[in-house]
Amino acid sequence: QSQLVESGGGFVQAGGSLRLSCAASALTFSAYAISWFRQAPGAEREFVARITWSDRNTLHADSVKGRFTIPRDNAKNTVYLQINRLKHEDTAVYLCAAGPHTYGLTYSMGAYDYWGQGTQVTVSS
């Protein structure tokens, strides 16, 4: 069964860093673009960052530009979310998703085929 599994969340102080991992199993990674979303308590799920497989093209939400990066390890079938200079407002459940390469569908959560269960990131102010 194809699945995505996130890890790496935790409790950190503001200004710190975390690296989240999104590992795929039984999934042809090259067939998908991988995105990270996050959902804070009481808020809607929002797009964070995306990377395509073929050209490693990346896209970041304006709110995280300059602080978040989305590297990928092809050999490990894993996409990461490197989070630097954490802020209290970054507190959320972070989820990765596998979806189409079509740029116009990046923000359409219904277009994604697979979702992980999420990993909690809590930032103390």
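Look a little higher up for the structure.
The structure displayed is predicted, hence computed values, not measured ones.

Undergrad: Whenever I open this one, the pattern of salt bridges confuses me. Can you help?
TA: A side chain of one charge can pair with a side chain of the opposite charge if their charged atoms are brought near each other. Overall, the coordinates contain four salt bridges when judged by the stated rule. Between arginine 38 and aspartate 90 there is a salt bridge; the shortest N-O distance is 2.9 Å. Taken together, the residues arginine 38 in strand S4 (residues 33–39) and aspartate 90 in the loop between strand S9 (78–83) and strand S10 (92–99) connect sequence positions 52 residues apart. Each of the salt bridges in this network shares a partner with another, and the network as a whole consists of Arg38, Glu46, Arg67 and Asp90.

Undergrad: Quick question: what am I supposed to make of the packing of aromatic side chains here?
TA: For any two aromatic rings, the description comes down to two numbers: the centre-to-centre distance and the angle of the planes. Counting across every chain of the model gives six aromatic pairs. For the ring pair phenylalanine 37 and phenylalanine 47, a centre distance of 5.8 Å and an interplane angle of 80 degrees mean the geometry is edge-to-face. Pair noted here: phenylalanine 37 is in strand S4 and phenylalanine 47 is in strand S5 (residues 46–51), with a separation of 10 residues, a long-range link. Residues phenylalanine 37 and phenylalanine 47 agree in their burial class; the two are buried. Following the ring pairs from residue to residue traces out a cluster consisting of Phe37, Phe47, Tyr107, Tyr112 and Trp115. Between the NZ or CZ atom of arginine 45 and the centre of the ring of tryptophan 115, over which it lies, the distance is 4.9 Å.

Undergrad: Can you walk me through the nonpolar core in this structure?
TA: Where a protein is soluble and globular, its nonpolar side chains tend to be buried together. If you look at the biggest cluster of nonpolar residues, it comprises 34 residues, and the most contacted ones within it are Leu4, Phe29, Ile34, Trp36, Leu81 and Tyr94. Those elements giving two or more residues to this core turn out to be strand S3 (18–25), S4, S5, S9, S10 and strand S12 (119–124). In terms of residue count, S10 provides more of this core than any other element does, five residues in total. Excluding its chain neighbours within four sequence positions, the residues that come into contact with leucine 81 are Leu18, Arg19, Leu20, Trp36, Val48, Ala49, Phe68, Thr69 and Tyr94.

Cut-offs used in this document
- Residues numbered from 1 in each chain as written.
- Predicted model: local features only at pLDDT ≥ 70, side-chain atom pairs only at ≥ 80, totals over all residues.
- Heavy atoms only, no water.
- Salt bridge = Lys/Arg side-chain N within 4 Å of Asp/Glu carboxyl O.
- Helix = DSSP H or I, 4+ residues; strand = E, 2+ residues; numbered from the N terminus.
- Phe/Tyr/Trp six-rings, centres within 6.5 Å; stacked < 30°, edge-to-face > 60°.
- Buried < 20%, exposed > 50% of the residue type's maximum accessible area, 1.4 Å probe, protein only.
- Lys NZ or Arg CZ within 6 Å of the ring centre and 35° of its normal.
- Core = buried A, V, L, I, M, F, W, Y, C linked by side-chain atoms within 4.5 Å.
- Contact = heavy atoms within 4.5 Å.

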